[in-house]
Amino acid sequence: MSLVASDPLAELEELRALTAQLQAELYAKNLYIEKLKAQLAILKRARFGRSSEKLDRLIEQLELTITDLEEGEAQADVEQTQDRSSVSPPTLAAKTKPALGRKPLPDHLPSETITR
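About the criteria used
- Residues numbered from 1 in each chain as written.
- Predicted model: local features only at pLDDT ≥ 70, side-chain atom pairs only at ≥ 80, totals over all residues.
- Heavy atoms only, no water.
- Helix = DSSP H or I, 4+ residues; strand = E, 2+ residues; numbered from the N terminus.
- Buried < 20%, exposed > 50% of the residue type's maximum accessible area, 1.4 Å probe, protein only.
- Contact = heavy atoms within 4.5 Å.
- Areas by Shrake-Rupley, 256 points an atom, 1.4 Å probe, with all protein chains shown as cover.
- Expected span 1.5 Å × (residues − 1).
- Salt bridge = Lys/Arg side-chain N within 4 Å of Asp/Glu carboxyl O.
- pLDDT = per-residue confidence, 0-100.
- Core = buried A, V, L, I, M, F, W, Y, C linked by side-chain atoms within 4.5 Å.
- Patch = residues over 30% accessible without salt bridge, like charges linked within 9 Å, V, L, I, M, F, W, Y side chains within 5 Å.
- Lys, Arg positive; Asp, Glu negative; His and termini not counted.

In this section: the overall build of the protein chain. When helices and strands are tallied, the protein chain shows 3 helices and 0 strands. The burial tally for the protein chain puts 9% of its 116 residues in the buried class. Taking the intrachain contacts of the protein chain between residues at least 6 apart in sequence as the baseline, contacts between residues at least 24 apart amount to 43%. In the structure as shown, the protein chain presents an accessible area of about 10,500 Å², 58% of it carried by carbon and sulfur atoms.

Below, the structure is given as structure tokens:
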């Protein structure tokens, strides 16, 4: 896709195809994550059997896999947002999602810092 559009309709169709492809990939990844979470729930319920040590290791591996997938998805979202904001007009940058994470506590609440 070039910066100077020779055929706006063709460029629009390319963008629609890319959007559909990205949505399909996101849907597949979300399904995979949900499948892993369901497996994890089943394994946690079966944890108290004879071979609980084996299941504990498997549960730990599944939790790590889910965490890695979710972090990768979040990282891809951040990179995609950065790419869009650097190339697109300011109107699209204003529509992006707010930053994830906690908001700071209000000033009127007391706070303590505990170090170990």
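Further remarks concern helix α1 (residues 8-45). Under the 1.5 Å per step criterion, the end-to-end length of α1 is 55 Å for 38 residues, consistent within 8% with the ideal 56 Å. Every buried residue belonging to α1 is among I33, L36, L40 and L43, and all of these are buried.

Let's shift gears to the pattern of salt bridges. Summed over the entire model, instances satisfying the criterion amount to 2 salt bridges. Salt-bridge contacts for E13 lead to R16; the nearest nitrogen and oxygen are separated by 3.4 Å. Residue E13 and its partner R16 are located together in helix α1, separated by 3 residues, close to a single helical turn. We classify E13 as partly exposed; its relative accessible area is 46%. Linking E70 and K37 is a salt bridge whose minimum nitrogen-to-oxygen distance equals 3.2 Å. One end of the pair, E70, is in helix α2 (residues 52-87); the other, K37, is in helix α1, with 33 residues separating them in the sequence. For K37, a relative accessible area of 36% puts it in the partly exposed group.

So, about the confidence of the model for the protein chain. On average, residues of the protein chain carry a pLDDT of 78, and 77% of them reach 70 or more. Per-element confidence in the protein chain is highest for α1, whose mean pLDDT is 90, and lowest for helix α3 (residues 90-94), whose mean pLDDT is 50.

Taken as a class, soluble globular proteins show a tendency for nonpolar side chains to be buried jointly. With 8 residues, the main nonpolar core is built from I33, L36, L40, L43, L55, I59, L62 and I66. For this core, the secondary structure elements donating two or more residues are α1 and α2. The residues touching L40, leaving out its near neighbours within four places in the chain, are I59, L62, E63 and I66.

To continue, consider a nonpolar patch on the surface. A surface patch of nonpolar side chains, amounting to about 220 Å² of accessible area, comprises L15, L18 and L22. Following the sequence through the fold, L22 ends up in helix α1.

The next point concerns the side chain of E73. By the secondary structure assignment, E73 is in helix α2. Buried within the structure, E73 lacks any salt-bridge partner; its nearest side chain of opposite charge belongs to K29, at an N-O separation of 6.6 Å. In this view, E73 contacts L26, K29, N30 and I33; residues no more than four positions away in its chain are not counted.

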